[in-house]
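# Structural characterization, general
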Amino acid sequence: MPTYTPPVRDTRFVLEHIVGLQGHAGQPGFEGATPDVVDAVLEEGGRFVAEVLFPLNHSGDQEGCTRHPDGSVTTPAGFKDAYRQFVESGWATLGNHPDYGGQGMPHVISTAFQEYMIASNMAFAMYPGLTHGAIAALTAAGSPEQKATYLPKLVSGEWGGTMNLTEPQCGTDLGLIRTRAEPQADGSWAITGTKIFISSGEHDLTENIIHLVLAKTPGAPDSSKGISLFVVPKIMVEGDGSLGARNAVSCGSIEHKMGIHANSTCVMNYDGATGWLVGEEMRGLTAMFVMMNAARLGVGLQGLGVAEVAYQNGVAYARDRRQGRALTGAREPAEKADPLLVHPDVRRMLMEAKALTEGLRALCLWGALQVDLEHKAVDDSERQTAADLIGLLTPVIKGFGTDMGYRIATDMQQVFGGHGYIAEWGMEQYVRDARIAMIYEGTNGVQAMDLVGRKLAQHGGRAIQAFMTLVTRKLADAPADAAVAAYAAQLKEALGDLQSATLWFLANGMKNPEHVGAGAVPYMHLLGLVATGAMWLDMAAAAVRLKAADGEDAAFLDAKLVTARFYGERLLPRTASLRREIEGGADAVMALPPALFLAA
């Protein structure tokens with residue numbers, strides 16, 4: 001069976017020396033994030049997930065959720081009690097606004113805890129994860145009455161939340177939705193339609209579930225411009241806040257899925273259910289995108305979380321399992337075979353997993369800080385730059401992060417050899433669970449198209465220019481240490497590949513938009529490698545700086561420098577190949593007639 005230890009040491013290193021959390025201590029919203037409080041959150045949060053959530057991961061996957069004839073759903077054994085402990089311990093309120101009962105901790109701190117939750121039990125973490133998205137949407141677009149009615153219970157964790165977009169005939173193309181909303185005399189709306197793939201759509205963890213539902217009102221344009229957003233409670237909420245009658249919304253079935261079996265992914269039927277308009281009519285996507293962007297960053301974190309737990313178990317297995325001899329001669333002659341860790345190809349997979357996982361952790365936490373600064377920075381220009389950077393990098397964190405998370409999960413399964421294919425070892429669950437993260441909340445191809453089709457050109461290219469300026473400044477500020485200088489030269493070359501690919505899009509995308517579409521995913525990966533590489537420059541520089549200080553963990557810092565060297569020598573060179581792939585254009589991609597895709 002697998003094991004998991006929350007990477008508190010590495011998280012603390014990133015928060016202190018890459019994110020620079022204490023440098024923001026005087027800014028609004030960061031007052032409570034003192035070193036002692038942050039340490040307590042990491043230590044106690046890590047202990048909670050390791051002791052309460054992780055033991056339920058395998059059993060929850062094996063048991064799954066159960067739908068009953070009355071449409072109710074029960075979660076696997078132990079989940080309800082674990083959720084009760086989650087709420088009673090205050091973890092649900094960690095990063096939420098104090099006006100609604102939250103603790104008001106910075107988003108970057110709650111993000112660190114969310115990684116631990118995901119790594120310990122991804123399916124469980126999705127229940128409060130969807131609730132956080134609902135909180136974000138209602139906070140941004142809800143009326144004062146809606147905020148007062150729903151937010152305190154959502155923030156406390158007493159109620160859950162969902163987002164309802166997808167229908168059987170449409171996923172990404174939301175203009176095709178058929179769910180209808182009819183106005184009622186009392187100001188409410190009657191919602192009728194079917195939604196599919198609704199994570200946490202029905203369950204027994206909370207006393208109520210608040211659904212946010214996209215629907216079209218009478219006379220609305222038959223396109224995405226005609227979509228409105230509605231809040232639809234599972235159980236009606238009375239004027240005094242108590243629960244009343246059951247609403248006309250039900251779970252028609254639970255989807256039979258490849259992974260995340262312990263999360264109830266439902267088909268939801270709305271049969272004239274009572275709902276209330278959120279924000280303005282036919283402006284539903286504007287409000288829902290607040291929720292979707294939060295969810296996309298959360299899904300990127302899922303790539304990281306699953307990669308981390310898979311990597312930990314790959315390392316443990318490679319240390320213990322003995323197979324063959326080292327190429328340079330027996331390392332342990334007294335034993336019949338050497339550990340797997342002596343073999344270069346096993347080392348290659350483990351080092352790649354370590355370099356990407358630690359780099360992605362830094363990128364996710366740095367990105368979470370930009371979310372904080374976008375809303376809390378005192379200076380207008382700092383808020384604008386933070387918004388530009390996280391807007392640009394949200395599809396990268398989601399797309400590149402989950403692509404790499406799945407790759408790491410499968411590589412760690414490979415380290416196990418045949419045992420990796422056997423359920424009792426746990427690795428095949430991580431592969432199955434990681435796969436969905438590349439698909440939902442907008443497939444990674446859609447993320448890439450959002451990046452190159454919208455984000456690059458937005459505001460005259462302001463965001464990508466800000467990112468390139470940021471990396472250039474990091475390169476200029478890098479210490480003169482030989483190891484860091486060598487890495488900085490590699491990152492500078494990779495940044496040149498990103499600049500060339502961006503200019504190629506500008507020169508050729510208008511001539512033929514298919515050039516942009518054909519190069520979108522390679523560009524997303526290219527930007528992901530450079531963004532993660534910029535985090536590794538910061539980590540290498542911090543390691544050199546800290547090694548000169550007394551009392552620092554020299555072995556930990558040496559490992560950072562070795563891993564940065566690996567990233568520079570083995571991963572950054574891939575940017576050149578990606579640039580050439582982008583510059584290959586769309587001609588060969590689009591040339592084959594449809595009839596010839598399958599030879600007769």
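Above this note sits the structure.
Below, the structure is looked at part by part. (Residues numbered from 1 in each chain as written. Predicted model: local features only at pLDDT ≥ 70, side-chain atom pairs only at ≥ 80, totals over all residues. Heavy atoms only, no water.)

### A closer look at a nonpolar patch on the surface
- Together, Leu-592, Leu-596 and Phe-597 line one region of the surface with nonpolar side chains, adding up to about 330 Å² of accessible area.
- Tracing the backbone shows Phe-597 in the segment after α18 (587-591). (Patch = residues over 30% accessible without salt bridge, like charges linked within 9 Å, V, L, I, M, F, W, Y side chains within 5 Å. Areas by Shrake-Rupley, 256 points an atom, 1.4 Å probe, with all protein chains shown as cover. Salt bridge = Lys/Arg side-chain N within 4 Å of Asp/Glu carboxyl O. Helix = DSSP H or I, 4+ residues; strand = E, 2+ residues; numbered from the N terminus.)

### So, empty space enclosed by the protein
- Taken as a whole and assessed by the stated rule, the structure comprises three cavities of 30 Å³ or more.
- Every residue lining the largest cavity is listed: Tyr-83, Phe-86, Ala-92, Pro-128, Thr-131, His-132, Leu-154, Val-155 and Gly-157.
- Of all the secondary structure elements, the ones that give two or more residues to the lining of the largest cavity are α4 (79-88), α6 (122-141) and α7 (144-156).
- Top contributing element to the lining of the largest cavity by residue count: α6, with three residues. (1 Å grid on protein atoms, 1.4 Å probe; cavity = no way out; pocket = protein on both sides within 12 Å on 5 of 7 lines; lining within 4 Å. Points joined across faces, edges and corners; volume = space filled by probe spheres on them.)

### A look at the pairing of strand β3 (residues 159-164)
- Buried residues dominate β3, accounting for six of its six residues.
- Neither face of β3 is open: one carries Trp-159, Gly-161 and Met-163, the other Gly-160, Thr-162 and Asn-164, and all of them are buried.
- Examined bridge by bridge, β3 and strand β6 (residues 208-216) share six bridges and lie parallel to one another. Looking across to β6, one finds that Gly-161 is bridged to Ile-210. (Buried < 20%, exposed > 50% of the residue type's maximum accessible area, 1.4 Å probe, protein only. Pairing = 2+ DSSP bridges.)

### So, the pairing of strand β4 (residues 180-183)
- Pairing of β4 with strand β5 (residues 189-199) involves four bridges; the strand directions are antiparallel. When the bridges of β5 are listed, Arg-180 appears paired with Thr-192.
- Hairpin remark: β4 followed by β5, antiparallel, with five residues in the connecting loop; positive phi at Gly-187, about 95 degrees.

### Thoughts on the environment of Ala-181
- By the element assignment, Ala-181 lies in strand β4.
- Once the C-alpha coordinates of Ala-181 and Leu-561 are considered, the two residues, 380 residues apart in sequence, prove to be 58 Å apart.
- Once residues lying within four places of it in the same chain are set aside, the contact partners of Ala-181 are Trp-189, Ala-190, Ile-191, Ala-215, Lys-216, Thr-217, Pro-218 and Phe-230. (Contact = heavy atoms within 4.5 Å.)

### What about the packing of helix α8 (residues 284-320) against helix α10 (residues 380-415)?
- Running from amino to carboxyl end, α8 crosses α10 at an angle of 25 degrees, the nearest separation of the two axes being 8 Å. It follows that α8 is roughly parallel to α10 by the angle criterion. By crossing handedness, the relation of α8 to α10 is classed as left-handed.
- In terms of residue class, the contact of α8 with α10 is made up of 14 nonpolar, eight polar and two charged. (Axes fitted to C-alpha atoms, helices over the stretch in contact; angles between N-to-C directions. Parallel < 35°, antiparallel > 145°, perpendicular 65-115°, else oblique. Left-handed = near helix turned anticlockwise from the far one by under 90°. Nonpolar A, V, L, I, M, F, W, Y, C, P; charged D, E, K, R; others polar.)

### Thoughts on the side chain of Lys-455
- Checked against the element boundaries, Lys-455 lands in helix α12 (residues 444-455).
- What makes Lys-455 buried here is its relative accessible area of 10%.
- Polar contacts involving the side chain of Lys-455 include one to the main-chain carbonyl oxygen of Gly-391, which spans 2.8 Å.
- Those residues in contact with Lys-455, other than ones at most four positions away along the chain, are Gly-391, Leu-392, Pro-395 and Asp-450. (Polar contact = N/O pair within 3.5 Å; in protein donor to acceptor, adjacent residues only side chain to side chain.)

### Re the packing of aromatic side chains
- Tallied over the full model, the rule gives 15 aromatic pairs.
- An angle of 50 degrees between the planes, with centres 6.3 Å apart, marks the rings of Tyr-83 and Phe-124 as tilted. Pair noted here: Tyr-83 is in helix α4 and Phe-124 is in helix α6, with a separation of 41 residues, a long-range link.
- Clustering of aromatic rings is evident, with ring pairs tying together Phe-79, Tyr-83, Phe-86 and Phe-124.
- Seen from the ring of Phe-556, Arg-9 lies directly overhead, with NZ or CZ sitting 3.9 Å from the centre.
- If you follow Lys-376 out to its NZ or CZ, it ends over the ring of Phe-30, 5.9 Å from the centre. (Phe/Tyr/Trp six-rings, centres within 6.5 Å; stacked < 30°, edge-to-face > 60°. Lys NZ or Arg CZ within 6 Å of the ring centre and 35° of its normal.)

### Notes on the side chain of Lys-560
- With respect to the secondary-structure elements, Lys-560 resides in helix α16 (residues 554-571).
- Its relative accessible area of 1% is what places Lys-560 among the buried residues.
- Within the local environment of Lys-560, its side chain forms a polar contact with the side chain of Glu-358, the two groups lying 2.8 Å apart.
- Setting aside residues up to four positions removed in sequence, Lys-560 forms contacts with Asp-10, Phe-13, Glu-358, Trp-536, Met-539 and Ala-543.

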